[in-house]
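Residue-level listing of the chains:
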Amino acid sequence: MSQPATDHRGATPPTAPRPAVRSVPAIRSTGARLHVDLDAVAANTALLAARTPGALMAVVKADGFGHGAAAVARTALAHGASWLGVTSLDEALALRADGVRAPVLSWLNPVGADFTAAIGHQVDVAVPSAAHLAAVTRAGVGARVHLHLDTGMARDGAAPSDWAALCRAARRAERAGQVRVVGVMGHLGCADVPEDPANAAARTVFAWGLGEARAAGLRPPLRHLAATAATLTDPAALHTMSRVGAGLVGIDPSGSTRLSPALTLTAPVVGVRRVAAGTAVGYGHAWAAGRATTLALLPLGYADGLPRVASGRAEVALRGRRHPVVGRISMDQVVVDVGDEAVQPGDVATVFGPGSAGEPTVSEWAGWAGTIEHEIVTGIGARVARS
Ligand SMILES: *Cc1c(COP(=O)(O)O)cnc(C)c1O
């Protein structure tokens, strides 16, 4: 506890209450702002629910693909989803702490994860290995597990060579009353390209895996393979549940279906200047004005999720028109060449939105950055205000 060195009154006792600070205005972001359109999430959920004959799991990992996990979860649950899915147990427990009571599955955890907390908070966990099964049974009685089979990505899930033994061990644990095997899951690596033969191969592996589980005596009611792309394009991949994430927030990896983008990113113009032809902009002077023009400064950059690699290609909308981002995207700022447009400080630029007013979309930003929409929406930085 240090007193201010310049306490010129000198008589303030160390325990005196500090005077309330009155001059701080209500918190109001003056910078970049991300708006989440939950009506879009609702519409996307309803569309996806209508496409799947089984249950719909709303995947809200990575903070609901950057849209807010609890808000997307509640919206999806109100419009056709009955399950929630996340990667880590911590994400599942955060939903519980937020008061979300719906069934939740967490599918990627180290063996040392707090599976006791999973049992206590009724979070289902995926089990990809005998070591995980042992950890879950040690954690307490009554865990609900989904056995996870790698159906062809060499990533998470049990290798097919380990599957039959995992099924038998899980059945033993079930008979001993230690766990309930309620699900079997796989995942498709190439569902965004529906004609890729890897999809049929993965479906075959999954069907084989279900058969092995059955042969071991397991009767899991929840059998789930499809994510967004397969839910929209591959009826043969639909079992008793679909796990959809991207589609909820308007991203269709298969490019087959018109969904509603849910994010709008805006930023205020903090400065405007008229510059002469030849004026170079930003780090490395990567761009110089070819004519006299007006430059507008926006207070967001790659730390806020604008990919630096999009420098030289990206655009934003100002006053209803698109203008190029010029020079390198900095950590905290970008410069927009608005030509002779009468842009003023305080005008608000739309970095991306649904595209309905001609503004750039997340899909275009992904194209400018040579990536996928998922990476753009999950990459918006923490200092961007959410609304
Ligand atoms: C992210 C993820 C999903 C959701 O995939 P989308 O393509 O976003 O719908 C489903 N299952 C697993 C295992 C995932 O990691």
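Residues numbered from 1 in each chain as written. Predicted model: local features only at pLDDT ≥ 70, side-chain atom pairs only at ≥ 80, totals over all residues. Heavy atoms only, no water.

**Points about the pairing of strand β7 (residues 179–185)**
The two faces of a sheet get side chains in turn, since along a regular strand they alternate between them. Cut-off, in case you're wondering: Classification of residues uses two cut-offs on accessible area relative to the type maximum, computed with a 1.4 Å probe and protein chains only: under 20% is buried, over 50% is exposed, and between them is partly exposed. Helix and strand assignments follow DSSP, with helices taken as H or I runs no shorter than four residues and strands as E runs no shorter than two, numbered in order from the N terminus. Whether two strands pair comes down to DSSP finding at least two bridges between them. Viewed with both strands pointing away, a crossover whose connecting path from the first strand over the helix to the second turns clockwise is right-handed.
When you tally the buried positions in β7, you get six out of seven residues, the bulk of the element. As paired strands, strand β6 (residues 143–148) and β7 are joined by six bridges and run parallel to one another. Note on β7: the bridge partner recorded for His-146 is Gly-183. At this point the chain moves from β6, through helix α7 (residues 160–175), to the parallel β7, and the crossover so formed is right-handed. Across three bridges, the pairing between β7 and strand β8 (residues 222–224) is parallel. In the strand pairing of β8, Val-184 is matched with Arg-223. Taken together, β7, helix α8 (residues 197–215) and β8 constitute a β-α-β crossover, and its handedness is right-handed.

**Some points on the packing of aromatic side chains**
Just so we agree on the cut-off: Stacked, edge-to-face and tilted labels apply to pairs of Phe, Tyr and Trp rings (six-membered ring for Trp) whose centres lie within 6.5 Å, assigned for plane angles under 30 degrees, over 60, and everything in between, in that order. Charge over a ring is defined by NZ of Lys or CZ of Arg lying within 6 Å of the ring centre and within 35 degrees of the ring normal.
The tally for this structure, following the rule as stated, stands at one aromatic pair. The ring centre of Trp-107 lies 5.9 Å from the NZ or CZ of Arg-243, which sits over that ring.

**Observations concerning the confidence of the model for the protein chain**
The condition that has to hold: A residue's pLDDT is the confidence the predictor assigns to it, expressed on a 0 to 100 scale. Throughout, a contact is declared for two residues whenever any of their heavy atoms are within 4.5 Å.
Of the residues in the protein chain, 92% reach a pLDDT of 70 or more, and the chain-wide mean stands at 94. For the stretch residues 1–22, pLDDT sits under 50, and the model shows two contacts to residues farther than four places along the chain or on other chains. Confidence over residues 24–28 falls short of pLDDT 50; this stretch has zero contacts with residues more than four positions distant or in other chains.

**Some details on the site of the ligand**
Going by this rule: When at least one non-hydrogen atom of a residue lies within 4 Å of a molecule or strand, that residue is treated as near it. We call two N or O atoms a polar contact when they sit within 3.5 Å, provided that within protein one can donate a hydrogen and the other can accept it, with sequence-adjacent residues counted only if both atoms are side-chain atoms. When residues are sorted by character, Ala, Val, Leu, Ile, Met, Phe, Trp, Tyr, Cys and Pro go into the nonpolar class, Asp, Glu, Lys and Arg into the charged class, and all the rest, Gly among them, into the polar class.
As a matter of local geometry, the ligand sits amid Val-59, Lys-61, Phe-65, Trp-107, His-187, Ala-227, Thr-228, Arg-243, Val-244, Gly-245 and Ala-246. With respect to the ligand, the side chain of Thr-228 contributes an N or O atom lying 2.5 Å from an oxygen atom. Contributing elements (two or more residues each) for the shell around the ligand: α2 (61–66) and β9 (241–244). Across the shell around the ligand, the residue classes break down as six nonpolar, three polar and two charged.

**Brief notes about helix α4 (residues 89–97)**
Let me state the cut-off plainly: The arc in question is formed by the directions pointing from the helix axis toward the C-beta atoms.
Within α4, the full set of buried residues consists of Leu-89, Ala-92, Leu-95 and Arg-96. All buried residues of α4 lie within an arc of 120° about the axis, which places them on one face of the element. Projecting away from the buried face of α4 at angles above 90 degrees are the exposed residues Asp-90 and Ala-97. Those residues of α4 hidden inside the fold are in contact with α3 (69–77), β3 (83–86), β4 (104–106), α5 (115–120) and β5 (123–127). In the stretch just after α4, Gly-99 is the one whose phi turns positive, near 90°.

**Looking at the side chain of Asp-304**
Relative to the assigned elements, Asp-304 resides in the loop between β14 (293–298) and β15 (315–318). A polar contact is formed between the side chain of Asp-304 and the side chain of Arg-383, at a distance of 2.6 Å. With sequence-adjacent residues up to four places away left out, Asp-304 is seen in contact with Pro-299, Met-331, Asp-332, Gly-379, Ile-380, Gly-381, Arg-383 and Val-384.

**Section: the nonpolar core**
For clarity, the threshold we go by: Nine residue types can take part in a nonpolar core, namely buried Ala, Val, Leu, Ile, Met, Phe, Trp, Tyr and Cys, and a core is a set of them joined through side-chain atoms within 4.5 Å. Domain extents, as shown, originate in an automatic or database domain assignment.
Leu-95, Leu-147, Leu-265, Leu-298, Leu-300, Phe-352 and Trp-365 are the most contacted members of the largest nonpolar core, which totals 109 residues. For this core, the element with the highest residue contribution is α7, accounting for six residues. Two domains share this core, each providing at least three of its residues, namely domain 1 (38–249) and domain 2 (262–386). Residues contacting Leu-265, with those up to four places away along its chain left out, are Arg-33, Leu-34, Leu-300, Leu-306, Ala-349, Thr-350, Val-351, Phe-352, Ile-380 and Val-384. Counting six residues, the second largest nonpolar core, distinct from the first, contains Val-275, Val-281, Ala-289 and Val-335.

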